[in-house]
Amino acid sequence: MGVRKLFVIDSNTNGKGPVLFAWQPNGNYLAIAGVNRRVSIVDRQGKIYHQIALPGSGQCMGLDWDSTGETLAMLQQNSPTIPLWNFNTKKLDQLDTNMKELTFLKWSKTGPQLAVGTAKGNLLIYNKHNHKKIPIVGKHQKKITCGVWNTQNKLALGAEDKQLTISDASGDLLDQAHMKHEPSLIQFSDMKADERSHSKENTVSVNMGGKTLLLYNTTDQDNPIELAFQARYGNIVSYKWFGDGYILIGFSSGYVVIISTHLKEIGQEVNSIRFHRDNLTDVTYCAALKKGASVGDTCVKIFEMNDLSKMAETRSEKVELENEFGSLSHVEWTEDGQILTVSSRNGCVYGFLTRIPVLHDTYHGRVLYLTSLRELCVKDVVMEEDVARIPIDIEPTFVSLGPTVAAVGMNNSVWYYRYTESGAKLLQQRTYLATIASVALSHEYAAVFMEGKVILHPIEQSEGQDFSAMSIEEQEKNKQRTFPDKSEEANITSVAMTDEFLIYSDKAGYIHYFSLEDWTYVNEYRFDSGLRAIYPNAMGTRVVCVDETNAAYLYNPVNDQYVTVEKFSPSTEKVMWDNSTWGIFVGADSKNFTTFVYSPNTRFGATATAVPVQTPHGVPPTSDAAPNMTERPFEFSPVLCYNGKVVCQVTSGSTVTITLQTHQFIDHVLRLSGDHVVSAFYNNLSLNRLEEAWKIAATLSLTDCWKALGDKALHLLDIDMAVRVYRQLGNPAMVMALERLSTANEKNLLLGHIAMICKDFQEAQMHFQRSSAATLALDMRRDLMHWDQALKLAQTLAPDQIPIISREYAQQLEFRGEFQAALDMFQNGMQRVPEEDTADAETTLERSKALVHNKACHAGITRNTIRMGDLRKGYTLALESSDAELCQECAQIFEELKQFNDAAALYEKAGLYDKAVSIYIKETKALHQAGKLMQHITSPKVFKLFAVAKEKEGSFKDAEGAYEKAGDMDSVVRLNVEHLNNLTKAYKIVRKTKSADAAALVARHCKYQKEYATAIEFLLLAKKTTEAFELAQHHDEMTTYADVLGPNGTNDDYLAIAQYYENKGDFASAGDFYCKCEHYGKALSRYLQCGDTQISKAIEVVGKARNDSLTHTLIDFLMGETDGIPKDPNYIFRLYMALGSYEKAAKTAVIIAKQEQEIGNYRVAHKILFDTFKTLRQHKIRIPSDLKRNLMLLHSYVIVKTLVKNLGDHQTAALMLVRIAKNINKFPRDLVPILTSTVIECQKVGFKASAYEHACVLVRPENRGKMNEKYKRKIETIVRKKAKEEIADPEEPSSPCPFCNALCPDTTLDCKNCKNTIPFCLVTGKHMKSNDWSYCPSCHFPALHSAMETLTQETGTATCPMCEGTIEGSALKKVENPDPHEWHAPGDQEEAEAGVDRGV
C-alpha cells in the first residue's frame, strides 16, 4: 500500500484563504486555523473534536502547542491578548500581554514558558505554571519575525533590525549577533564534528534572505559559517536538520539539496534532486521513517533518505492534488510518521496516511495485522488469502490472534472480536487494573500480561470482580486465575499460549507450563539466569528461551533438557518457528534473519545450530563457519515464517514475503539448472531435509553430493538413508557395516560405531566403554594400531589379550625402527604354553595358538637382538630356530649390516640359493662355494654373475655355459670369436638372434679375416649399412650386399646400389634398383637402354609410376618412334593393363586376338580375350561387345573338340560349328577345314539344311581345290542330292530364360522377350538355366551343372575349357536360385534393345 489520503478539512470549515495548523506533541490531535477566525481541533481520522471561536475581528496569525500538548496558544491579528485553550477542560482563557501589534509566539520545548514578540521589538515571557509575565522592552529595535527554543530552554530570536539574540528562560540576553540580511527560519541544532560537544543544540541556523544559510555556533561565536548555493536553485524557502548534523534544504525552483555540517565536508553537497518543475514551498523530514517530503506544483513528493548517496536512484512517491484546492503552502509529519499533513492557500488541509503502526500477531499459519488506523486483517499466508477484516474504533497499541478470536487494545482496555469469513463481531470490551503489555489467546482463554502478572480467563466471560484479589479457590470456580499467586512477586517477563498450555517465564529463570484442560501446573524448570523472552513452537513441545544475558536455549519440556542455541545473536529481537517444517526457527535482529536447525538426534545429542554459509561444493562447513544470514530490509517487521519464507509487515500496512538465503532454490527444483540445483541440494541438506536432498542428488549424480548426504545422514543417525546413499556410491563395505548397525538396540553402541565411521575415535571409545560391549573400544584401538591406548584398555577389559597386543605393538615398533622398544615388547609378549592334552580339543587349539604366537615373538626377539648389536646371539637363535622365513629375515639384516658370510649362510639355510650365490660371488669372492650351489640356481641374473666371475678367472668354457643359461648370447658369441675360436657357432647364433652388437663383433672378425661377403652380411645385421656398402663397393660384392639387404633397405640404400650398377654399365640391374627407390624415370631410361630384353620391366615401372610423360616415352618406344622398329603389340596391351587403362587394353586385346586368330592361333587369342574379360569384370568396367562376341566365338570353336571326343555330344558340337560358320570370315586361315567339319557334323546329327548350306560354300571354285580329298566326294554328293528332295534342320531344343522364364532355343544367347543377354555355359556353349547352374571353381565362369558333372564323371577331374584350370568333381556345387544379373555385364541390356549383332 502506498500513500493514501486519510482526511480533508476544506474551506467550508476553514474559510477560503491561507490556513495554519499544528499537531499536538504526541500527534493525537491537530489544530487548524483559517481566515474565518475559527480554530478546529480534529483527531487523527479528520473528525472535528472541538471548535474554538476567536474573539474580535482579527485573523489567526499563529498556532503553537505547549510541550505537554495540554495548552494551545493562538496569535490573533490586532489583538493584545493571546487566547489559551486547555485541551483537558476545553476552556478558553485570555492572556493579556499589555502590548500592541503582536507578531510572534512560541512555546518552550521543555518548559512552561511562552515567548511573545511585537512589531516594536519587545518581548514577553509567560510562565503558565505560575502565570508570571516577564516583559522585556527593547529586545530588538524592530519587528520580531521569528524565533525558536532549544532543549536547554534557550530562546533565539530574529527581527527586521538584522539582529540575532539568544536569551535564557527569563529573557536575559546571553548572546547577540548582527546579520547581513534579515534573519528568518531560525532553528537550533548540533553541527557534525569530529569530537562531539557536551552541550546540546549549540548551533543556530539562520536563513539569510533566502540566499545563504548561516551557521552560528554559540561556543565559537567568532567563526560563523555562511553556506552559499548555486544560483539555479533559487531562494531558500525551507530547511530541516536531521540525522547526525545533516540539513535538508528546499529551494524555490523545485530543488531539494542535502548538505553535511561536518567541518571537512562543509561546502560539499551530499545530494541534490529537482523534485518540482516550477516551484517548491516547503520541505520536512520524519526521523521515524527516515523520509523527506516536499510540496509545490500542486503535488506532494515523498522520498527515501535512508541512504543519502542513492536518493536519486530511489523511486519517490508523488501525490497529485486538484488545482481547485489552490497552491500548497506547508507540510508537516506527526512525530510517529503515520500522518503527513499539507495545507493550501485556499483553506484546505490534507491528511495522508504514510505509515501504519506495525502491530501484528500470529496463530499457526494466520496473521493478524493493522491495514489502516482503524482496520485489522486476518490473512492465511499458506493459502495466500484474506480470512476476515475487522473494523475497530480505536488506534490500538497491541493486537493478538487466536483460532477464532482476535483481541485489540490500548492502555488498560481490550476489545475481543470473533472473526469468520463473513465478518467480525465484537464480543466484549474489558478493562483491567493496569496497563497491558500483551495478550495471548487460545480457543477459549485469554492470557493478559501486565506489570509482571498474567490474568488467565475465559474469553467470553463477563466482567466481574477484581480477579487479582480473589483466592485461588474462587478463581478456579470462575475458571480464572492470576499468575503468580498473590504471595509471590510479580516478576513474569514473557507469556505465550498454545491450544493446551499457558507458558510463561520469570526473572528468577523459571519456565512454567499450566494446563488449560486440567487447570493446573504440569511442568516447571529453572535456568541459571533470569529469562527475558520465550518462543514456543505451535504445540509447545519445544521452547526457545532467551535469558538476561541474551543467550538462547532450546528447552524440551518432555525430558526437562535444554541445549544452547549456537551462534545466537545477542541483538535478536524476535524468534519465529517455521510453521511448515519441524525443528526450523528463525532469529531476527535489526539487520538480519538467521536460520537455526534443531536436531533432536545427532551423534552429539540434541543440537540447535545456525545454518552455516555454504562452502565450496563437497567441503563440509567447519564448526566456526559463519551463519548464513538473510538481510532484513529497513522497516520490515517480521511476523511469521512458513517454509523458509518470512512474512514481514511494512509501514504501509501491507505484508511482504522474504525468502531466506537458507531456503533459496529448495522449491521447484525441476525448473532450476546448473549451480542453482547444486545450491538447492546443499540448502536442503543444511535444513535436515534428507529426502528432498536425495531426490536432487539423484538428478545431479555428483559424487561430492552423495558423500555430503551420507555424512549428514550419519550425523543425524539416519541409518536407513545412509545405507541408501552408500549403496548408490557403490561402497558395499559401508553398506554392510551400516546394515548391521540398523539392528543395534543400544544407543551407545550405535553412537560408537558411527563415531568410528566418522573417524572420531576418542568419542567412539567413550561410547563403547559406556555400552554393554566395552571390548569394542579395545578392538577399535587395535585395528587403528593405537597400541598404548589398546594396552591401557586391555588391563581392565581383557588382560588375556595383553601378550597378543604386545606382539602386535612390537611389530609396529620394529617397523618404525624403534628396535629396543620392539625387543622389550616381544619379550613381554611371550606367553605360557598349555601342556599337551590330546583328549581336550579346546586345550589343543589354545596350545596351537600359543605356539604360533610364541614363534612370532621368538622371531621378533631374534631380529631385534641382531639389530641391537648382539650378532652372535642373534645368529645362533636364527640357526637353532630351523625357521626358513626367520633365517631369510635375519640374513637380510646381516646383509644390511655387511656381515656377508653370516648372511650367505642364513640364505643358504633358508633355501634362497640365488641370494647366497650372489653374496658368495660379489662380496666374499668364494667361487668354489658358489659353484657348489649352482645346481640349485634358476635365475639368469645369477648365472650371468657367475659367468662374469668365471671369465675373469679364465674358465671360458664354464663361462660360456653360464652365459648360455643366463640367456646372454652376445657374450657367448664374444667368447666363441675371441677365446674359443668356434666361428661356425658364433655365425649360427648371430643369424638366429640378429643381435646388432654380436653381428658387429663377428663382422669385424670377418673383415679381419678378409671374408668380405660374410662381413657384409653381419654389418647389415649390425645396422651398419654405410660401412657394408663401402665394403661391397670396394671389393665388388654389391650382389651380396643387395641380396642380404633384400626388401629391408631404404630408398637411399637402393639409390646408391642403382648408381653403382649404372657406373658399372649394368643398366638392367641399375633399373631394378632405381625402381625400388622410386626413381621411375631413371629406371625406365636404364631399361630402354637394354633394348627389347627389359621391355616387361619397363612396362612394370610405368605401371607403378602412373606418369603421363613416362607412359608416352614407353609408348613411343613400343611404336618404334625411338629406333624405328615397332615392337610386339602384346607389349602395348600389357602396358595398358599395367596402367589400369582397361578399356584401351580391351581394344588392344581385341586387335591382338584378331591378329592371332587370323594366323590360326585360336588358343592364344582365346586366352588374351578371357584374361581381359576377367580383368574388366573384376573392376566392374563395361566389357566391349566385340570382345564378348569374339570370346564367345573363339570359345565355341575351342569346346567343339571337347564336345565330340570327351562328351560324345555331336549335336551340340554341330550347333557350335554352325555358330562359327555364320562368322567364318573371322577364321580366314581355316575357312575350308572349319566348314568341312561343320558339314560333316551337321550331316551326322541330321542338320541337312545346314550341311547343304555350308557344302555349297565349299564347292565354290575358290574353295573346291582346298578341300580334303577324303571328304570332297561326300560334300559334292550332299550338294547334288539337295536338288532331288526337300531338306530342313530339326527344331533346336528350348529352355527357359533365367531372367524372365520365356522359352529360348538352347544356343540362343539373346532373349527376345526381356532383351537380356543370357550367360553361356563354358562346357556346352548353350545359354544358362536357373535350375542347372554352377561355376568353375577356378575362374568362376558359369556352367551348366549337369554338363560339368558329365565332364568330370570319368576321371573325377577335368580341365576347364575356359581358364584351363583343374576342376575337381567333388568341388562342384549346384547353385540354388542363382542371380543371372551377376553375369549380366553393363551395357548388355542397351545393346540387346538396340539390336546389336553378336554373330549368333
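Note: the structure precedes this text.
Please read these numbers as outputs of a predicted model, since none were measured by experiment. (Residues numbered from 1 in each chain as written. Predicted model: local features only at pLDDT ≥ 70, side-chain atom pairs only at ≥ 80, totals over all residues. Heavy atoms only, no water.)

Caption draft 1: Layout of the overall build of the protein chain. Summing up its helical and strand segments, the protein chain has 43 helices and 66 strands in all. Counting only C-alpha atoms and orienting by the principal axes, one finds that the protein chain spans roughly 185 × 110 × 75 Å. Classification of the 1400 residues of the protein chain by burial places 51% in the buried group. Considering only residue pairs separated by 6 or more positions, the protein chain has 43% of its internal contacts joining residues 24 or more positions apart. (Helix = DSSP H or I, 4+ residues; strand = E, 2+ residues; numbered from the N terminus. Buried < 20%, exposed > 50% of the residue type's maximum accessible area, 1.4 Å probe, protein only. Contact = heavy atoms within 4.5 Å.)

Caption draft 2: Summary view of the pattern of salt bridges. The full count for this structure, using the stated rule, is 33 salt bridges. One salt bridge connects Lys128 with Asp66, and the closest N-O pair in it is separated by 2.2 Å. Taken as a pair, Lys128 in the loop between strand E12 (123–127) and strand E13 (132–136) and Asp66 in the loop between strand E6 (60–65) and strand E7 (71–76) lie far apart in primary sequence, 62 residues in all. When its relative accessible area of 2% is taken as the criterion, Asp66 is described as buried. The partner of Glu70 in a salt bridge is Lys128, and the shortest N-O contact between them spans 3.3 Å. Taken together, the residues Glu70 in the loop between E6 and E7 and Lys128 in the loop between E12 and E13 connect sequence positions 58 residues apart. Salt bridges here are not isolated pairs; linked through shared partners, they connect Glu814, Arg863, Arg867 and Glu889. (Salt bridge = Lys/Arg side-chain N within 4 Å of Asp/Glu carboxyl O.)

Caption draft 3: Inspection of helix H36 (residues 1185–1206) at higher detail. Counted at 1.5 Å a residue, the expected span for H36 with its 22 residues is 32 Å, and the 31 Å between its end C-alpha atoms agrees. Along H36, the sharpest change in direction is near 30 degrees and occurs at Ile1199. (Expected span 1.5 Å × (residues − 1). Bend = angle between axes of the 7 residues up to and from the residue.)

Caption draft 4: Geometry of the sheet that holds strand E11 (residues 113–118). Taking strand neighbours across the sheet as the criterion, the 4 strands line up as E10-E11-E12-E13 in an open arrangement whose pairing is antiparallel. Only two strands of the sheet have a single partner each, and these edge strands are strand E10 (102–107) and E13. Strand after strand, the sheet turns through a mean of 15 degrees between neighbouring axes, direction not considered. Bridging between E12 and E13 involves 5 bridges; their strand directions are antiparallel. From the neighbouring strand, Leu123 faces E13, where its bridge partner is Ile136. (Pairing = 2+ DSSP bridges. Axes fitted to C-alpha atoms, helices over the stretch in contact; angles between N-to-C directions.)

Caption draft 5: Representation of helix H42 (residues 1345–1352). When we look at burial in H42, the residues that qualify are His1345, Ala1347, Met1348, Leu1351 and Thr1352. The arc that holds the buried residues of H42, viewed along the axis, is 160 degrees, so those residues lie on one side. Buried residues belonging to H42 abut H36, strand E63 (1333–1335), strand E64 (1342–1344), strand E65 (1357–1359) and strand E66 (1366–1368). (Arc of directions from axis to C-beta.)

Caption draft 6: Spotlight on unusual backbone geometry. That bond from Phe483 to Pro484 is cis: its omega, -10 degrees, falls within 30 degrees of zero. Mapping Pro484 onto the fold places it in the loop between strand E44 (481–483) and strand E45 (492–497). Although it is not a glycine, Leu185 adopts a positive phi angle of roughly 50 degrees. You will see that Lys994, though not glycine, has its phi angle at about 55 degrees, which is positive. Position of Lys994 relative to the elements: it lies in the loop between helix H23 (983–993) and helix H24 (996–1008). Look at Lys994 and you get exposed, because its relative accessible area is 54%.

Caption draft 7: The packing of H24 against helix H25 (residues 1012–1021), seen in detail. The geometry of H24 relative to H25 is characterised by a closest axis approach of 8 Å and an angle of 160 degrees between their N-to-C directions. With respect to each other, H24 and H25 are oriented roughly antiparallel. The crossing of H24 and H25 is left-handed. Contacts from Ala996, Ala999, Ala1000, Val1002, Ala1003, Cys1006 and Lys1007 in H24 reach Tyr1012, Thr1014, Ala1015, Phe1018, Leu1019 and Leu1021 in H25. When its residues are assigned to classes, the contact of H24 with H25 shows 11 nonpolar, 1 polar and 1 charged. (Parallel < 35°, antiparallel > 145°, perpendicular 65-115°, else oblique. Left-handed = near helix turned anticlockwise from the far one by under 90°. Nonpolar A, V, L, I, M, F, W, Y, C, P; charged D, E, K, R; others polar.)

Caption draft 8: Structural context of the nonpolar core. Counting 77 residues, the largest nonpolar core has Val973, Phe1018, Tyr1041 and Ile1057 as the members making the most contacts within it. If sequence neighbours within four positions are ignored, Val973 has contacts with Ala986, Ile989, Val990, Ala998, Leu1001 and Val1002. Of all hydrophobic cores here, the second largest spans 62 residues; its members include Tyr1162, Ala1214, Met1216 and Cys1321. (Core = buried A, V, L, I, M, F, W, Y, C linked by side-chain atoms within 4.5 Å.)

Caption draft 9: Quick look at the packing of H25 against helix H26 (residues 1025–1034). For the pair H25 and H26, the least separation of the axes is 8 Å and the interaxial angle reads 160 degrees. What the angle tells us is that H25 and H26 run roughly antiparallel. Every pair of crossing elements has a handedness; the one defined by H25 and H26 is left-handed. Contacts from Tyr1012, Ala1015, Ile1016, Leu1019 and Leu1020 in H25 reach Thr1025, Glu1027, Ala1028, Leu1031 and Ala1032 in H26. Taken together, the residues of the contact of H25 with H26 sort by class into 8 nonpolar, 1 polar and 1 charged.

Caption draft 10: Layout of the sheet that holds strand E39 (residues 413–420). Reading across the sheet, the 4 strands line up as E37-E38-E39-E40 and stay open at both edges, with antiparallel pairing between neighbours. The sheet is open, and its two edges are formed by strand E37 (398–401) and strand E40 (423–431), each paired on a single side. Within the sheet, the average angular offset between the axes of one strand and its neighbour, ignoring direction, is 20 degrees. Across 8 bridges, the pairing between E39 and E40 is antiparallel. Bridge pairing in E40 links Thr420 to Gly423.

Caption draft 11: The arrangement of the state of the cysteines in detail. For the structure shown, the criterion picks out 0 disulfides. Not engaged in a disulfide, the cysteine Cys1360 finds its nearest cysteine sulfur in Cys1363; these two sulfurs lie 3.6 Å apart. (Disulfide = S-S within 2.5 Å.)

Caption draft 12: View of the pairing of strand E52 (residues 561–564). In the sheet, strand E51 (residues 552–556) pairs with E52 via 4 bridges, with the strands oriented antiparallel. Across the sheet, residue Tyr555 finds its bridge partner in E52, namely Tyr562. Taking the residues between adjacent antiparallel strands as the criterion, E51 and E52 are bridged by 4 residues, where Asp560 takes a positive phi near 55 degrees.

Caption draft 13: Spatial organisation of the environment of Met969. Structurally, the position occupied by Met969 is in helix H22 (residues 969–978). Judged by relative accessible area, Met969 falls into the partly exposed class, the value being 25%. A C-alpha to C-alpha distance of 8.4 Å links Met969 and Val990, two positions 21 residues apart in sequence. Once residues lying within four places of it in the same chain are set aside, the contact partners of Met969 are Ile989 and Thr993.

Caption draft 14: Looking closely at the environment of Ala1371. Tracing the sequence through the fold places Ala1371 in the loop between E66 and helix H43 (1388–1394). Measuring from C-alpha to C-alpha, the distance between Ala1371 and Cys1336 comes to 9.2 Å, with 35 residues separating the pair along the chain.

Caption draft 15: Geometry of the packing of aromatic side chains. Summed over all chains, the structure comprises 41 aromatic pairs. On the numbers, 5.6 Å between centres and 45 degrees between planes, the contact of Phe483 with Tyr504 is tilted. A residue pair is termed long-range when its members are at least 10 positions apart, and Phe483 in strand E44 and Tyr504 in strand E46 (residues 501–506) qualify at 21 residues. Overall, the relative accessible area of 0% leaves Phe483 in the buried class. Overall, Tyr504 belongs to the buried group, its relative accessible area being 2%. Taken together through their ring pairs, the aromatic side chains of Tyr445, Phe483, Tyr504, Phe514, Trp519 and Tyr521 make up a single cluster. (Phe/Tyr/Trp six-rings, centres within 6.5 Å; stacked < 30°, edge-to-face > 60°.)

Caption draft 16: The arrangement of the environment of Ala822 in detail. With respect to the secondary-structure elements, Ala822 resides in helix H13 (residues 819–829). Exposure remark for Ala822: the relative accessible area of 0% places this residue in the buried category. Sequence separation of Ala822 and Thr865 is 43 residues, and the distance between their C-alpha atoms is 9.9 Å.

All quantities given are derived from atomic positions and should not be read as evidence of function.
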